Structures are given as C-alpha cells and as structure tokens.
Amino acid sequence: MTKKLYVGNLSYNVTEDSLKELFGSVGEVTSVNVIADRMTGRSRGFGFVEMADSAAAQKAIAELNGRTLDDRAIKVAEARPQRDRGVRDEPRGGRRRRY
C-alpha cells in the first residue's frame, strides 16, 4: 500500500523530477506533486511524494528529513489526511456591501 509524504521548505527551483530522483534513492516512488500557486504557477515551497510501501516511506523520513536540497534543509514527514473544506455558498472574497 502506498504511503504519502509531505515535503516542505523546498526551493522554488525544485522540480517534480528532482524530487523523484532524490526519493528514488531510498525506495520506489509512485507519484510526486509539487504544489504551485494558481495565479503565478510558481512553486509554493512544498509538495507530496507517494512511496510504494510503508517501509520505503519510513526510510525516506529517516534519511531525507533535514537533508539539504538546493541550499535548503527539507522537511519530510508523513502527510496528514486532507481536510474536507465543505461547500461555500458565498464567493471567496466574502460578502461585499454597497454604500
């Protein structure tokens, strides 16, 4: 069963390929996703890596947490489950008043 890891404090220049290569050195990687800003397309400085099994994920956490990548010490931890954001009935900016 795959295990999703959170990877934080990434340089804005890190690519999905470079993360896949780094995590591939400790185990089988099934997917990589670097989170980008919707407006600019620039990396937000974090991402997620899915490892093939729990053993590979634990090894990645042990070996890669704190390791330097592009002059930044990366944070590697088990990803938390995504929260349900619910349905909004108002626009994102909230209700606007007319005066």
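Quick note: structure is the one above.
Concerning the overall build of the chain
Check the secondary structure of the chain and you find two helices and six strands. The buried share among the 99 residues of the chain stands at 28%. Across the chain, the fraction of contacts at a sequence separation of at least 24, relative to all contacts at a separation of at least 6, is 60%. Put simply, the chain shows about 7,700 Å² of open surface, and 44% of that area lies on carbon and sulfur atoms.

Considering the side chain of Ser-43
Of note, Ser-43 is situated in strand 3 (residues 43–51). Here Gly-45 takes part through its backbone nitrogen, which lies 3.0 Å from a polar atom of the side chain of Ser-43. If near-sequence neighbours (up to four positions away) are discounted, Ser-43 is found in contact with Ser-11, Tyr-12, Val-34, Ile-35 and Ala-36.

Focus on the nonpolar core
Of all hydrophobic cores here, the largest spans 21 residues; its most connected members are Leu-5, Val-7, Leu-19, Phe-23, Val-49, Met-51 and Val-76. Looking at this core, the elements that each hand over two or more residues are strand 1 (3–8), helix 1 (16–24), strand 2 (29–36), strand 3 and helix 2 (54–64). In terms of residues, this core owes the most to one element, helix 2, which gives five residues. If sequence neighbours within four positions are ignored, Met-51 has contacts with Thr-2, Lys-3, Leu-5, Phe-23, Val-26, Gly-27, Glu-28, Val-29, Thr-30, Ala-56, Ala-57 and Ala-60.

Some details on the packing of aromatic side chains
For the coordinates displayed, the defined rule picks out three aromatic pairs. Considering the side-chain rings of Phe-46 and Phe-48, the 6.1 Å spacing of their centres and the 85 degrees angle between planes classify their relative orientation as edge-to-face. Ring pairs connect the aromatic residues Tyr-6, Phe-46 and Phe-48, which therefore count as one cluster. A cation over an aromatic ring shows up here: Lys-4 above the ring of Phe-48, its NZ or CZ 5.4 Å from the ring centre. Here Arg-42 stacks its cationic end above the ring of Tyr-12, 3.9 Å away from the centre of that ring.

Examining helix 1
The complete set of buried residues in helix 1 reads Leu-19, Leu-22 and Phe-23. Taken down its axis, helix 1 places every buried residue within 90 degrees of arc, on the same side. Exposed side of helix 1, more than 90 degrees from the buried face: Asp-17 and Glu-21 are the residues found there. Close packing links the buried residues of helix 1 with strand 1, strand 2, strand 3, helix 2, strand 4 (68–69) and strand 6 (75–78).

So, how was this worked out
- Residues numbered from 1 in each chain as written.
- Predicted model: local features only at pLDDT ≥ 70, side-chain atom pairs only at ≥ 80, totals over all residues.
- Heavy atoms only, no water.
- Helix = DSSP H or I, 4+ residues; strand = E, 2+ residues; numbered from the N terminus.
- Buried < 20%, exposed > 50% of the residue type's maximum accessible area, 1.4 Å probe, protein only.
- Contact = heavy atoms within 4.5 Å.
- Areas by Shrake-Rupley, 256 points an atom, 1.4 Å probe, with all protein chains shown as cover.
- Polar contact = N/O pair within 3.5 Å; in protein donor to acceptor, adjacent residues only side chain to side chain.
- Core = buried A, V, L, I, M, F, W, Y, C linked by side-chain atoms within 4.5 Å.
- Phe/Tyr/Trp six-rings, centres within 6.5 Å; stacked < 30°, edge-to-face > 60°.
- Lys NZ or Arg CZ within 6 Å of the ring centre and 35° of its normal.
- Arc of directions from axis to C-beta.

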